[in-house]
Amino acid sequence: MTDKIPAWVNGKLTPLDKLEVHRNGLKHPAVSVFVMDGQNVLIQRRAMSKYHTPGLWANTVCTHPKWNEKSSDCAVRRLREELGITGLYPALRDTVEYRADVGNGMIEHEVVDIFLAHANRQIPVRPNPEEVMQVEWIGIYDLAAEVARRPARFTPWLRIYMDEHKDRIFGTLVKV
């Protein structure tokens, strides 16, 4: 894997190999998107070929910006690349930082720009099978309950978002 992503090294953003960043638990920028239809959210189940957290459910899109890529551009790009979704322009909702073990000796230490986009659930969704094995619309209340009931089915970052940041992410939309 030769993907270079920005990560902080000695306080300076530096382009590094994505696997190196995760193996060393380096802090790095990230982007998460939640596509909403009212109180329903589109979630994805990560493809089994993913190098960490395969087969786990995550928010609509979660990714790393390329070197010198604005997070808003990254959000639009990854909606298209992961799910074939076009025509949405997510709005920045908040920025959060977390650190979590994601298995296989890897750590995600992310400073995440979290975006919300509103769409009708009839929006065409064409998952890229290299990225996503399944998608589902679920009520935000049901998602919060399911994450609490069966946390092992969900990525560490989605658990953190729902456990620690749901009011910051969804606050004026819905009280979970």
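Since this is a predicted model, take the numbers as computed values, not measurements. (Residues numbered from 1 in each chain as written. Predicted model: local features only at pLDDT ≥ 70, side-chain atom pairs only at ≥ 80, totals over all residues. Heavy atoms only, no water.)

**Some words on the environment of Gly55**
Phase 1 of the analysis: Along the chain, the position of Gly55 falls in the loop between strand E4 (40–46) and strand E5 (57–58).
Phase 2 of the analysis: Accessibility expressed as a relative area gives 11% for Gly55, which makes it buried.
Phase 3 of the analysis: Along the chain, Gly55 and Gln134 lie 79 residues apart, while their C-alpha atoms are 9.1 Å from each other.
Phase 4 of the analysis: The contacts of Gly55, once residues within four sequence positions are left out, are Arg45, Arg46, Ala47, Met48 and Met133. (Helix = DSSP H or I, 4+ residues; strand = E, 2+ residues; numbered from the N terminus. Buried < 20%, exposed > 50% of the residue type's maximum accessible area, 1.4 Å probe, protein only. Contact = heavy atoms within 4.5 Å.)

**Some remarks on the packing of aromatic side chains**
Phase 1 of the analysis: A full pass over the atoms with the stated rule returns three aromatic pairs.
Phase 2 of the analysis: Three or more aromatic residues link up through ring pairs in this structure, and these residues are Phe34, Tyr98, Tyr161 and Phe170.
Phase 3 of the analysis: Lys27 extends its terminal NZ or CZ atom over the ring of Trp8, reaching a point 5.4 Å from the ring centre. (Phe/Tyr/Trp six-rings, centres within 6.5 Å; stacked < 30°, edge-to-face > 60°. Lys NZ or Arg CZ within 6 Å of the ring centre and 35° of its normal.)

**What about the side chain of Glu69?**
Phase 1 of the analysis: Positionally, Glu69 belongs in the loop between strand E6 (61–63) and helix H2 (71–83).
Phase 2 of the analysis: Within the structure, Glu69 has its side chain in polar contact with the backbone nitrogen of Lys66 (distance 2.8 Å).
Phase 3 of the analysis: There is a polar contact of 2.7 Å between the side chain of Glu69 and the side chain of Arg77.
Phase 4 of the analysis: Once residues lying within four places of it in the same chain are set aside, the contact partners of Glu69 are Cys74 and Arg77. (Polar contact = N/O pair within 3.5 Å; in protein donor to acceptor, adjacent residues only side chain to side chain.)

**What about unusual backbone geometry?**
Phase 1 of the analysis: A positive phi angle, close to 50 degrees, is found at Asn10, a residue other than glycine.
Phase 2 of the analysis: Looking at the element boundaries, Asn10 is found in the loop between strand E1 (4–9) and strand E2 (12–17).
Phase 3 of the analysis: By relative accessible area, Asn10 is classed as exposed at 80%.
Phase 4 of the analysis: Despite not being glycine, Thr53 shows a phi value in the positive range, around 50 degrees.
Phase 5 of the analysis: Summarising the element assignment, Thr53 is placed in the loop between E4 and E5.
Phase 6 of the analysis: The exposure class assigned to Thr53 is buried, which follows from its relative accessible area of 6%.

**Remarks on the packing of helix H3 (residues 140–149) against helix H4 (residues 156–164)**
Phase 1 of the analysis: Running from amino to carboxyl end, H3 crosses H4 at an angle of 110 degrees, the nearest separation of the two axes being 10 Å. Taken as axis vectors, H3 and H4 run roughly perpendicular relative to one another. Viewed along their axes, H3 and H4 form a crossing whose handedness is left-handed. Residue-level inspection shows Ile140, Leu143, Ala144 and Val147 of H3 in contact with H4, the latter providing Leu158, Arg159, Met162 and Asp163.
Phase 2 of the analysis: By residue class, the composition of the contact of H3 with H4 is six nonpolar, no polar and two charged. (Axes fitted to C-alpha atoms, helices over the stretch in contact; angles between N-to-C directions. Parallel < 35°, antiparallel > 145°, perpendicular 65-115°, else oblique. Left-handed = near helix turned anticlockwise from the far one by under 90°. Nonpolar A, V, L, I, M, F, W, Y, C, P; charged D, E, K, R; others polar.)

**Concerning the pattern of salt bridges**
Close approach of charged atoms allows side chains of opposite charge to pair.
Phase 1 of the analysis: Under the criterion given, the structure shown has 10 salt bridges.
Phase 2 of the analysis: Salt-bridge contacts for Glu69 lead to Arg77; the nearest nitrogen and oxygen are separated by 2.7 Å.
Phase 3 of the analysis: Where Arg78 meets Glu82, a salt bridge forms, and the shortest distance between an N and an O atom there is 3.1 Å. One end of the pair, Arg78, and the other, Glu82, are both in helix H2, four residues apart, so they sit about a helical turn from each other. This pair shows no difference in class: Arg78 is buried, exactly as Glu82 is. (Salt bridge = Lys/Arg side-chain N within 4 Å of Asp/Glu carboxyl O.)

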